[in-house]
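# Architecture and fold: a report
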Amino acid sequence: MKYGIIMGMSQKTVIERVDVQGAHIYLGMADDGSPMYSNDGNRVMQWLCDAWRFRFNANRSNRYIINKNKEKKPLSEHPDTRTVKTMRVECPWIAAVPTYVIQSPDRIENTQWFAAIARRKTNITHHRKAGRMPSFLSRKHDDHTFACWYNNGQNALFQQVNRNHGIVTIKGQNPKDYRDHGTRFTIRIHIRVSQPIRPYTGIRVNWTKRTLVFTNTPLPIKREQTGMAVGVDVGVAHAAAQSNGMFLDLPKTKLAKIDREIRRRQRAMARKANLSGKTRRQYVRDGVSQRYARERAKVADLYAKKHRIITDCYQKYTTGLVRDFEIVCVEALQTANMTRKATPKPDPNTPGHYLSNGQSRKRGLNRSMRNNALGMLRSMLEYKTKLEDTCTLVQVNPAYTSQTCFQCKHIDPRNRESQAAFQCVNCGHEDNADTNAALNILEAGLQHLASTDGAWHGISVQDMLNTLRGQHATLPCEPQHA
Ligand SMILES: [Zn+2]
């Protein structure tokens, strides 16, 4: 899923045909210098895709990449910094492209760039191939696509025709000097729909695959200054815990059901491989049976489904965080710690064998799940706070945040006897373990901000710190329940 990160709640439909009503559209200059006009649906769609990619690549040409020697290098030697307005004058082939189409690459390029970088980081921490650096869109290798903002009904309007069919209209007009074949035009994209279309913020057309997606990009987030800060701890018992005592939980029953089905189908696959009398690897290499291939595709579907459910939860959650808080503090991911494994202990009695070194599988699994969740949370918060300049993300050193008592700052692994409960061996302070960690993260984040710049959008960070301490000094030391 290439655009998965920004399109949490989208609806996909199939394009049946496209026609143009009103004026013939001015598509630019032909090689011989004469203006080209068309009202052919296919040609117009191709033209929109080409124009969109052109603007997308112009935006991308301003990016910098870090090369192998850790040097910052511009992605392009000739970055294109032109605005849409100048571009329309200088490039005749985009002169007639509707504004809500030609403006959309500006934001999409940004989110896609950061999403790609975050994905590469995740891959590297998981020892997978990092994948390509995000680069330019290619006419030859990439699907031909474009987007159009709905912008409260300004364009890309959907109209249901009957139970299974609808039309999306994109309106535009020809530039002043090219109105010989009319001024205003309407591009009508006929689509097949199977469900009612929910409110949407834009559409995205993939002309190569003939699909149209109604997107529900949760951005930009409408927010007002709240003057509030929050610390977030990612846990195993709860998906996330906030310093104010609130929790995020994933739909566990739903996910467990999917897991059970995945395991069932995997067993079926193993059985089929076994029956062939070959090893699994050989069986896969020599070509699998149709039944096996079907199970394999279904398993991939189920994993994707699980991923969609989890991302959707986190999308909604992080949007809420950015909307409600000015400062969001999370743990920084410590790659060095994470990848370090306990050193193998050779068994002195049997050479070539190893003794248990205390690295239990369960613990490793929990940790990798936690790191996945933290990575997802952080990458979403990173790009959402980047798009919202009144909200900032602070990443703090996670060392001892779960073992430190928020009340007296005593650090002791025994403080956390169980996964869920925290009880300080020094002062007796009791709290939910995740909430206690979130409070420590918040305090560390605020202290970091106070040391760099004392005020955040007119709010004194020191005041916030004092309030945080004050509130909790007066709180009775009782366990808090969600
Ligand atoms: Zn204490």
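Everything discussed here concerns the structure shown above.
So, here's what we can say about the structure. The shown structure was predicted, so the numbers you read here are calculated from the model rather than taken from an experiment.

Scanning all chains against the criterion turns up eight aromatic pairs. For the ring pair Tyr26 and Tyr37, a centre distance of 5.8 Å and an interplane angle of 50 degrees mean the geometry is tilted. A residue pair is termed long-range when its members are at least 10 positions apart, and Tyr26 in strand S2 (residues 25–29) and Tyr37 in strand S3 (residues 35–38) qualify at 11 residues. Across this residue pair, the class does not change: Tyr26 and Tyr37 are buried. Ring centres of Phe158 and Phe214 lie 5.4 Å apart, and the angle between their planes is 80 degrees; on these two criteria the pair is classed as edge-to-face. Here Phe214 lies in strand S11 (residues 211–215) and Phe158 lies in strand S7 (residues 157–162), a separation of 56 residues in the sequence. According to the relative accessible area criterion, Phe214 is buried, its value standing at 1%.

Looking now at the coordination of the zinc ion. Each donor-metal-donor angle in an ideal tetrahedron of four donors is 109.5 degrees, and each such angle in an ideal octahedron of six donors is either 90 or 180 degrees. For the zinc ion, every protein donor is listed as Cys405 (SG), Cys408 (SG), Cys424 (SG) and Cys427 (SG), and the spread of their distances is 2.2 to 2.3 Å. Geometry at the zinc ion is tetrahedral, judged from the four donor atoms that bind it and their angles of 108 to 112 degrees at the metal. A residue is classified by how much of its surface remains accessible, and Cys427, at 39% relative accessible area, is partly exposed.

Moving on to the sheet that holds strand S18 (residues 392–396). Sheet strands associate in pairs through backbone hydrogen bonding, adopting either a parallel or an antiparallel arrangement. Pairing is mixed across the open sheet formed by five strands, whose spatial order is S14-S13-S12-S15-S18. Only two strands of the sheet have a single neighbouring strand rather than two, namely strand S14 (247–248) and S18. Bridge analysis of strand S12 (residues 229–234) against strand S15 (residues 327–331) gives three bridges, and the strand direction is parallel. Looking across to S15, one finds that Gly231 is bridged to Cys329. Helix-sheet contacts for helix H10 (residues 433–452) involve S12, strand S13 (240–242), S14, S15 and S18, and the interaxial angle to S12 is about 130 degrees.

Our focus in this paragraph is the environment of Gly22. With respect to the helices and strands, Gly22 occurs in strand S1 (residues 11–22). Spatially, the C-alpha atom of Gly22 lies 9.9 Å from that of Lys171, the residues being 149 residues apart in sequence.

Now for the pairing of S12. With five of its six residues buried, S12 lies for the most part within the structure. Hairpin connection, S12 to S13: the antiparallel pair is bridged by five residues.

Here we take up the environment of Asn59. Mapped onto the fold, Asn59 is located in helix H1 (residues 41–60). The exposure class assigned to Asn59 is buried, which follows from its relative accessible area of 17%. Setting aside chain neighbours within four positions, we find Asn59 in contact with Pro105, Asp106 and Glu109. Of note is the side chain of Asn59, whose polar atom sits 3.0 Å from the side chain of Asp106.

Bringing the sheet that holds strand S8 (residues 165–173) into the picture now. Ordered in space as S6-S10-S11-S1-S9-S8-S7, the seven strands form an open sheet in which the pairing is antiparallel. Each end of this open sheet is capped by a strand with a single partner; those strands are strand S6 (145–149) and S7. Recorded for the sheet is a direction-independent mean angle of 35 degrees between the axes of neighbouring strands. Note: S6 against strand S10 (residues 202–206), five bridges, orientation antiparallel. Considered in S10, the bridge of Phe146 is made with Val205.

Here we take up the side chain of Asp142. Tracing the backbone through its elements, the reader meets Asp142 in the loop between helix H4 (104–125) and S6. On the accessibility criterion, Asp142 (17% relative accessible area) is buried. Within the structure, the side chain of Asp142 is placed 2.8 Å from the backbone nitrogen of Ser138, a separation counted as a polar contact.

This part covers the pairing of S11. Across the five residues of S11, five count as buried, placing the element largely inside the fold. Burial of the side chains of S11 extends over both faces: Thr211, Val213 and Thr215 are buried on one face and Leu212 and Phe214 on the other. Where S1 lies against S11, four bridges are found, and the strand directions are antiparallel. The partner of Val14 across the bridge, within S11, is Thr211. Alignment of S10 against S11, held across five bridges, turns out to be antiparallel. Note on S11: the bridge partner recorded for Gly202 is Thr215. Connecting S10 to the antiparallel partner S11 that follows it, the hairpin turn spans four residues, and Arg210 within it adopts a positive phi of roughly 55 degrees.

Definitions and limits used
- Residues numbered from 1 in each chain as written.
- Predicted model: local features only at pLDDT ≥ 70, side-chain atom pairs only at ≥ 80, totals over all residues.
- Heavy atoms only, no water.
- Phe/Tyr/Trp six-rings, centres within 6.5 Å; stacked < 30°, edge-to-face > 60°.
- Helix = DSSP H or I, 4+ residues; strand = E, 2+ residues; numbered from the N terminus.
- Buried < 20%, exposed > 50% of the residue type's maximum accessible area, 1.4 Å probe, protein only.
- Donors = N, O, S within 2.8 Å, 3.2 Å for Na, K, Ca; no water.
- Tetrahedral: all angles 85-135°; square planar, octahedral: opposite > 155°, others 65-115°.
- Pairing = 2+ DSSP bridges.
- Contact = heavy atoms within 4.5 Å.
- Axes fitted to C-alpha atoms, helices over the stretch in contact; angles between N-to-C directions.
- Polar contact = N/O pair within 3.5 Å; in protein donor to acceptor, adjacent residues only side chain to side chain.

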